[in-house]
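Commentary on secondary and tertiary structure
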Amino acid sequence: MKGTSVLWLLWLISLLCGSTNQARLTVSPSSSQLFEGDRLSLSCEAEDSPAGWTVRRNTPKRQGSRCGDGWGKQVGSSCTITYIFRRDSGVYWCECGEGITSNTVNITVTGGPVILQSPVLPVMEGDSITLFCKSKSTPSNLPAVFYKDGSIIRTDSTGHMTIPDVSMSDEGLYKCHISHHGESPPSWITVTGKPTTTAPPSTLSPPSTSTLSSASTLLSVSTPMTTPIQSTAMASPSATALPTDSAPPAVSIHQPLVLRVVCHLVVFCPYVITTVLMVSLYRQRPSATAPHPHPEQKLTEDFDVMEVTIEHHF
């Protein structure tokens, strides 16, 4: 029965976590380095509801321990460490249910005299960040030297260094040094690129010139010769406002006439060819008189005529 209750509780927690968006861990003060004895507050923030989220951490001695389990005090979705020790250095994150986690934050606690206050969360390209070299014994600002990846990059009389327009080349390991006080632990600053968003195509944008030209040509071919210009105008209200060089070529207007002529030729050519052949054959036919129905009688008549003619002469 007890195992069933635990399963039901886990199911309800996962249901509650699934109904919320991804949580985000924030820390106060917003610095990746702290002096031993400082106060640290960690909060799980979600757009819908932070309920069900708890703060966990990994340290050199313990892995995945939850706030309230030997360290800190959990109140709702926030965890507070009133007095932080060097052993509290580690990676912190928010977790809900089984395996649903937030971003991670690296916290370094030092017993030394100098810390570098740097952004605890990744910095986006184009943003501005300020690094502050702080001494524990002297609260006032002191001149400091700033290093990046082991090389000196700047010296400032007030202990501040501002990077106005962050780029990917600014990502690296930073530390600072105050003369006669000491050097801070190194901190890694992460730079993320801007999210690329593609603007959706506008439904009100007019069609391109090539599209209008193609549409006009197709309409002029498929309609009678007397209506291609009207069909082209109806294809797009903005077609009449286009410059002259974007209008469809004039040859498309005569295409219906050519097609009609070709159709007529295809239909009437067999008749014309047949008629010409018949006339040609008729003209080549020999012109002869019809034969006499009685050839013997015709021959006798010819001889009689010849005899009469001879007797007449004599």
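Summarised in this report is the structure supplied together with it. Bear in mind the structure is a predicted one, so any value in this text is a computation, not a measurement.

Conventions we followed
Residues numbered from 1 in each chain as written. Predicted model: local features only at pLDDT ≥ 70, side-chain atom pairs only at ≥ 80, totals over all residues. Heavy atoms only, no water. Salt bridge = Lys/Arg side-chain N within 4 Å of Asp/Glu carboxyl O. Helix = DSSP H or I, 4+ residues; strand = E, 2+ residues; numbered from the N terminus. Buried < 20%, exposed > 50% of the residue type's maximum accessible area, 1.4 Å probe, protein only. Core = buried A, V, L, I, M, F, W, Y, C linked by side-chain atoms within 4.5 Å. Contact = heavy atoms within 4.5 Å.

Side note on the pattern of salt bridges
Within the structure shown, the criterion is met by six salt bridges. A salt bridge links Arg86 to Glu36, with the nearest nitrogen and oxygen atoms 3.8 Å apart. Placement of Arg86 in the loop between strand S7 (78-81) and strand S8 (90-96) and of Glu36 in the loop between strand S2 (33-35) and strand S3 (40-45) is noted, with a sequence separation of 50 residues between them. We classify Arg86 as exposed; its relative accessible area is 52%. Residue Glu36 is classed as partly exposed on the basis of its relative accessible area, which comes to 23%.

Quick notes on the nonpolar core
Counting residues in each nonpolar core, the largest one holds 23 residues, and the members touching the most others are Leu40, Val55, Tyr92 and Ile107. Among the secondary structure elements, those contributing two or more residues to this core are strand S1 (24-28), S3, S7, S8 and strand S9 (100-110). Sequence-distant contacts of Val55, defined by excluding residues within four places in its chain, comprise Leu42, Cys44, Ser65, Arg66, Cys67, Trp71, Gln74, Ser77, Cys79, Tyr92 and Trp93. Within the second largest apolar cluster, 17 residues are counted, among which are Leu116, Val123, Cys133 and Val191.

Focus on the side chain of Ser135
Within the secondary structure layout, Ser135 lies in strand S12 (residues 129-135). On the basis of relative accessible area, Ser135 is assigned to the buried category, the value being 4%. When sequence neighbours within four positions are dropped, the list of residues in contact with Ser135 reads Phe35, Pro113, Leu142, Ile178 and His181.

Remember that the coordinates give geometry; whether it matters functionally is a separate question.
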